[in-house]
Structures are given as C-alpha cells and as structure tokens.
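One-letter residues, chain by chain:
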Amino acid sequence: MINTITGESKELFNPKIGIETLRVFENSLVCVLGSTTVLLYDLVTNKEATLYTGTGLQDAVLYTDEIMFVSKTAATNPKTPLIEINTKTKETVMLPVSGDVIFSLVVNRDTAQPVIYGVSASTSLNSKKTEVFSYNPERKSYSAILKWEDEDTQAFTSVINTILYTNIGKTNIRNLNIATRKSITLERSASLPVKIKGSNNQLLVLNKDGSVSWYYETSDKKIADWCITTDGYWLEF
C-alpha cells in the first residue's frame, strides 16, 4: 500500500499464490488468488481471512460489509457462475443465473439500490454468446444489457460516474448511460483497449500494446495517445 500524500509504502500481506483480481471497498481489500481462493483483508485491523475456496474462480466484490458476490465457471461446484457469500458466517448461496462463466464484476453504488454489473459468456455446440448484464441483489433479478453473438473472454465492465463502460465485441469501448440506456462508442486509433479508469473529468484507457489513450468524460472523441519509449519517456502520437 502506498500513501499518495507522503509517498510512504507499507506491506500489507504476502500472498502465497498470484493475485488474479484485487478490489477495494471502504476499509477492506478483496482478492481472488490463483483462481482458487477469495481472501478478505481488513485495512483497520490488518487481519486477513479466507472466505471461500474452490476452482475456476474469476472475481469477487463486496456488496456490503456482510455480503460478497463471487463469479466463477459454472462447470465447478456449486453448478452456477455466480454465488453469494455471507462474510460473517461464510454461508454460500447459489444464485439462479445462467452462463458458462461470469467475470469482470463491478458494483454501481450511485443508485438507491446498488446494482452489480458483469460479463457472462456461454458456448454450446451451435452458438457462442457474450453479454454484459446487471444483477439487482435486492430483487434477485438478472438482466442482459448488451449482447454479442460470439465468445469474448477479455471483455470488461467498469462504472465511472454513473456511466457503464465495456469493450465487449473486441473492438472499441462503449459508453452506456445507465439511466437513459443511450450508448456511444469511443473513438480508437491505437490497439485494442483492455482497461479503463477515470481521472477527474477525463478517462484513461490502457491498450493491448501498452499505449494509453485519453478522453474527456463527456465526449467520444480521443484527446491523445501516449506510448512509453525504451528510455522511459512518454511520447504522444
């Protein structure tokens, strides 16, 4: 952990296997380790706890202090791609959600009832399908938002200031207004986008070739593309 004000760093814990995903919620860190273990680290008490172990684990997010959602492959027990876990009792609830695998979970807390978004992929003998979905834990309702008739295991979801961003379809990033459901596509001139983050009123996109692209949050037009040189300098192109 790095203090952004003082620049001081502190080692929190040393995982014995690789970190697949890392999420922050209030005073807690949630990690998926090696696709087999969900670990919760308390930043106040500096204690870590293993909340769930299994196989084919993809992602984990805290909905509240006591409720966690874990996404996985449906081929492993329990036979569902999304489960709910009580962080206090470790009770596990299977959710009636379809799909071969669910990944890239994100919680939108800018609504009266927080909603979970993610990506679901399915493959059968005759078809392949990937969709961006929403899941309302209070209503226990699942809804597909965007669909692509092929498999895209690299798709992501991200919510920045009530806007849902996704790169489903292996081409551009889509900007979806959650309230109006209006969608626009961000202009792209670099390689395929793999991750997006928000910074004040700007968006920063990491591309597959290591370059980054800047956008204004309110526009689909690109501001600039940057790449890092072998000398460690950023070059705009």
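Residues numbered from 1 in each chain as written. Predicted model: local features only at pLDDT ≥ 70, side-chain atom pairs only at ≥ 80, totals over all residues. Heavy atoms only, no water.

Peer 1: Would you take a moment to explain the packing of aromatic side chains for this structure?
Peer 2: In total, this model carries six aromatic pairs according to the counting rule given. Where Phe-133 meets Tyr-142, the ring centres are 4.8 Å apart and the plane angle is 20°; that geometry is what we call stacked. Connected via pairs of aromatic rings, a cluster forms that spans Tyr-63, Phe-69 and Tyr-135. (Phe/Tyr/Trp six-rings, centres within 6.5 Å; stacked < 30°, edge-to-face > 60°.)

Peer 1: Is there a simple way to explain the sheet that holds strand β11 (residues 128–136) in this structure?
Peer 2: Think of a sheet as strands paired side by side through backbone hydrogen bonds, with each pair either parallel or antiparallel. If you walk across this open sheet you meet the four strands as β9-β10-β11-β12, and the pairing is antiparallel. Since the sheet does not close on itself, it has two edges, and those belong to β9 (101–108) and β12 (141–148), each with one partner. Across the sheet, the axes of successive neighbouring strands diverge by a mean angle of 25°, strand direction being ignored. One ladder, built from six bridges, connects β9 with strand β10 (residues 115–123); its direction is antiparallel. Residue pairing across strands places Ile-102 opposite Ser-120, the latter belonging to β10. (Pairing = 2+ DSSP bridges. Helix = DSSP H or I, 4+ residues; strand = E, 2+ residues; numbered from the N terminus. Axes fitted to C-alpha atoms, helices over the stretch in contact; angles between N-to-C directions.)

Peer 1: Is there a simple way to explain the environment of Thr-53 in this structure?
Peer 2: Along the chain, Thr-53 falls in strand β4 (residues 47–53). The spatial distance from the C-alpha of Thr-53 to the C-alpha of Tyr-117 is 23 Å, given a sequence separation of 64 residues. Filtering out sequence-adjacent residues up to four positions away, Thr-53 remains in contact with Thr-36 and Thr-37. (Contact = heavy atoms within 4.5 Å.)

Peer 1: Is there a simple way to explain the pattern of salt bridges in this structure?
Peer 2: Side chains bearing opposite charge may pair, as long as their charged atoms lie close to each other. Taken as a whole and assessed by the stated rule, the structure comprises four salt bridges. For the salt bridge of Asp-59 with Arg-23, the shortest nitrogen-to-oxygen distance reads 2.4 Å. Taken together, the residues span a long stretch of sequence, with Asp-59 in strand β5 (residues 57–62) and Arg-23 in strand β1 (residues 19–25) at a distance of 36 residues. Here Arg-23 falls in the partly exposed class, since its relative accessible area comes to 28%. We note a salt bridge from Lys-222 to Asp-225, for which the minimum N-O separation is 3.3 Å. Judged by its relative accessible area of 1%, Asp-225 falls in the buried class. (Salt bridge = Lys/Arg side-chain N within 4 Å of Asp/Glu carboxyl O. Buried < 20%, exposed > 50% of the residue type's maximum accessible area, 1.4 Å probe, protein only.)

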